Amino acid sequence: MNENMNICDLNASLFKEVALDLQKKGGFLKLKAAAEELCEVDLDTHSKGSRTESEMLLILLGDFGCDVSTLLYLLDKCELWSTICLIKTEPIRLVRDLHTEELWSALGSKVHLSCEATSYPPPTYQWFKDEGEIPGSTLPDYEIDDLKPSDVGSYYCSIGQKGNLSANLRTRSTQIEIIPQKPVITRQPRLLQDEEGKRILIEAQGWPPLYYQWYQNGIPMGKMTHVSILKVTNENMDGQTYSCLVSNAEGNVKSEDLEISSTVDNPRSCLFFAREKVALLVGNSEYKSHPPLISAYHDVVTLTENLERLSFRVMALSNLSLSEMKNAVQLVAKHIVEGAYVLPR
């Protein structure tokens, strides 16, 4: 089609189709506003006779010398893609496909998939994993920030075209896999007690999936499982030693021994838990004999957010005098119960 053609010279059936499409969902109102802004005039598009408002708008634009190219520019600006498809389309062309059929990455690493296509109207993107749509993934690039076992699978991108529901092109599929890694203990065994009872926890990572064999005083406790938490009974645990062997197909690693003691002589293994968590934060930025501190307030805000995530009850104050600080400490002290964690700052 000659884009320099006046829009009033369009084929009669095409003119009708364009006007009808603009009439749907008030598209002509968007076009009218864009045209008035471009031409710096008010357009009277009231229907006359058998002419609809959309037809009157196109005729007025044609009277102002609007050609097909200008109409496409205005439609593009208004994102009236279905109307554009009636006048001009360029098929989807894949410029950059997924570069590999298999992608091996380390556990916890960042993975980046990318493709690129051109078309007119512009292309749309939707990423899929194992034939299931990934919600919100509608850009040419797809990233996994922290690769986990649940991310393993086949990925591809379905590329469509704005305003043209029938247009579709699919990239090749890329199978994401995790590089085998022998177990690494990231946190040694520790004892916790809460409303669920006593538990010994260990943290490790590796791939393929890990198996855990718990030991008490060097003797295996049951069979090897995928569970990294050992539930223990309320019997006397004093003097008992626990450890864990973490294994997978790539190897194994033995944890340190955890000796249970009810005294504070062994703080790493002692059975401690907080009955309450209280924090008093004072951010003083103004001093008589010192230049003002710039970041005191923001530091208190950041600490408050982090401590609240750890279930602390936080009292955050700023620019207190010495007497006001003493009063604040006394106020917090009234709410401290035995066994509480207290953080003055």
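Residues numbered from 1 in each chain as written. Predicted model: local features only at pLDDT ≥ 70, side-chain atom pairs only at ≥ 80, totals over all residues. Heavy atoms only, no water.

Caption draft 1: Quick peek at the overall build of the chain. When helices and strands are counted, the chain shows seven helices and 21 strands. Here the C-alpha radius of gyration of the chain, 34 Å, is well above what a compact globule of 345 residues would show, namely 20 Å. Taken along its principal axes, the extent of the C-alpha atoms in the chain is 95 × 65 × 35 Å. The buried share among the 345 residues of the chain stands at 37%. Restricting the contact set of the chain to residue pairs at least 6 apart, pairs at least 24 apart contribute 62%. A total accessible area of about 20600 Å² is found for the chain, and carbon and sulfur atoms account for 51% of it. The chain carries 34 positive and 47 negative side-chain charges, and their two centres are separated by 6 Å. (Helix = DSSP H or I, 4+ residues; strand = E, 2+ residues; numbered from the N terminus. Rg over C-alpha atoms; globule rule 2.2 N^0.38 Å. Buried < 20%, exposed > 50% of the residue type's maximum accessible area, 1.4 Å probe, protein only. Contact = heavy atoms within 4.5 Å. Areas by Shrake-Rupley, 256 points an atom, 1.4 Å probe, with all protein chains shown as cover. Lys, Arg positive; Asp, Glu negative; His and termini not counted. Charge placed at Lys NZ, Arg CZ, Asp CG, Glu CD.)

Caption draft 2: Highlighting a negative patch on the surface. A contiguous patch of negative charge, built from Asp141, Glu143, Asp145 and Asp146, is present on the exposed surface. Mapping Asp145 onto the fold places it in the loop between strand S7 (141-144) and strand S8 (153-161). Asp145 gets classed as exposed once you look at its relative accessible area, which sits at 55%. (Patch = residues over 30% accessible without salt bridge, like charges linked within 9 Å, V, L, I, M, F, W, Y side chains within 5 Å. Salt bridge = Lys/Arg side-chain N within 4 Å of Asp/Glu carboxyl O.)

Caption draft 3: Representation of the side chain of Thr100 in the model. Relative to the assigned elements, Thr100 resides in the loop between strand S1 (90-96) and strand S2 (102-105). Residues contacting Thr100, with those up to four places away along its chain left out, are Arg172, Ser173 and Thr174.

Caption draft 4: Quick peek at helix H4 (residues 68-77). Restricting attention to buried positions, one finds in H4 the residues Val68, Leu71, Leu72, Leu74 and Leu75. Buried residues along H4 cover an arc of 165° about the axis, so they all sit on one side. Where the residues of H4 are buried, they touch helix H1 (12-23), helix H2 (27-39), helix H3 (53-63), helix H5 (81-87) and strand S4 (116-120). Glu79 occupies a position one or two residues after H4 and carries a positive phi of about 55°. (Arc of directions from axis to C-beta.)

Caption draft 5: Summary view of the pairing of S8. Within S8, eight of the nine residues are buried, leaving the element largely enclosed by the surrounding structure. With seven bridges joining them, strand S5 (residues 123-129) and S8 adopt antiparallel strand pairing. Paired with Trp127 across the two strands is Cys157, which belongs to S8. The pairing of S8 with strand S9 (residues 164-170) spans four bridges and is classified as antiparallel. Note on S9: the bridge partner recorded for Gly160 is Asn168. Between the antiparallel neighbours S8 and S9 lie two residues, among them Gly163 with a positive phi of about 85°. (Pairing = 2+ DSSP bridges.)

Caption draft 6: Here's a closer look at the packing of H2 against H4. The interhelical angle for the contact between H2 and H4, taken along N-to-C directions, is 120°, at an axis separation of 9 Å. Classified by the angle between their axes, H2 and H4 sit oblique to one another. In the packing of H2 onto H4, the handedness of the crossing is right-handed. Where H2 approaches H4, its residues Leu31, Ala34, Ala35, Glu37 and Leu38 are matched on the opposing element by Thr70, Leu71, Leu74, Leu75 and Lys77. Taken together, the residues of the contact of H2 with H4 break down into seven nonpolar, one polar and two charged. (Axes fitted to C-alpha atoms, helices over the stretch in contact; angles between N-to-C directions. Parallel < 35°, antiparallel > 145°, perpendicular 65-115°, else oblique. Left-handed = near helix turned anticlockwise from the far one by under 90°. Nonpolar A, V, L, I, M, F, W, Y, C, P; charged D, E, K, R; others polar.)

Caption draft 7: Representation of the pattern of salt bridges. If you walk through the whole model with that rule in mind, you get 11 salt bridges. Note that Lys129 and Asp130 form a salt bridge whose closest N and O atoms lie 3.3 Å from each other. Residues Arg170 and Glu131 are paired through a salt bridge, measuring 3.3 Å at the closest nitrogen-oxygen approach. A residue pair is termed long-range when its members are at least 10 positions apart, and Arg170 in strand S9 and Glu131 in the loop between S5 and strand S6 (132-133) qualify at 39 residues. For Arg170, a relative accessible area of 42% corresponds to the partly exposed category. One connected set of salt bridges, linked through shared partners, spans Glu3, Lys88 and Glu90.

Caption draft 8: Representation of the confidence of the model for the chain. Counting all residues, the mean pLDDT for the chain is 87, and 90% of those residues have values of 70 or more. S5 holds the highest mean pLDDT among the elements of the chain, 98, whereas strand S21 (residues 340-344) holds the lowest, 66. With pLDDT under 50 throughout, residues 264-272 is counted as low confidence; its partners more than four residues away or in other chains account for 23 contacts. (pLDDT = per-residue confidence, 0-100.)

Caption draft 9: Seen up close, the packing of aromatic side chains. Tallying each qualifying case throughout the model produces three aromatic pairs. Taken together, a centroid distance of 5.0 Å and an interplanar angle of 0° make the contact between Phe128 and Tyr156 stacked. In this pair, Phe128 is assigned in strand S5 and Tyr156 in strand S8, connecting sequence segments 28 residues apart. A network of ring pairs unites the aromatic residues Trp127, Tyr142 and Tyr155 as a single cluster. Looking at Arg170, its charged tip hangs above the ring of Tyr156, at a distance of 3.5 Å from the centre. (Phe/Tyr/Trp six-rings, centres within 6.5 Å; stacked < 30°, edge-to-face > 60°. Lys NZ or Arg CZ within 6 Å of the ring centre and 35° of its normal.)

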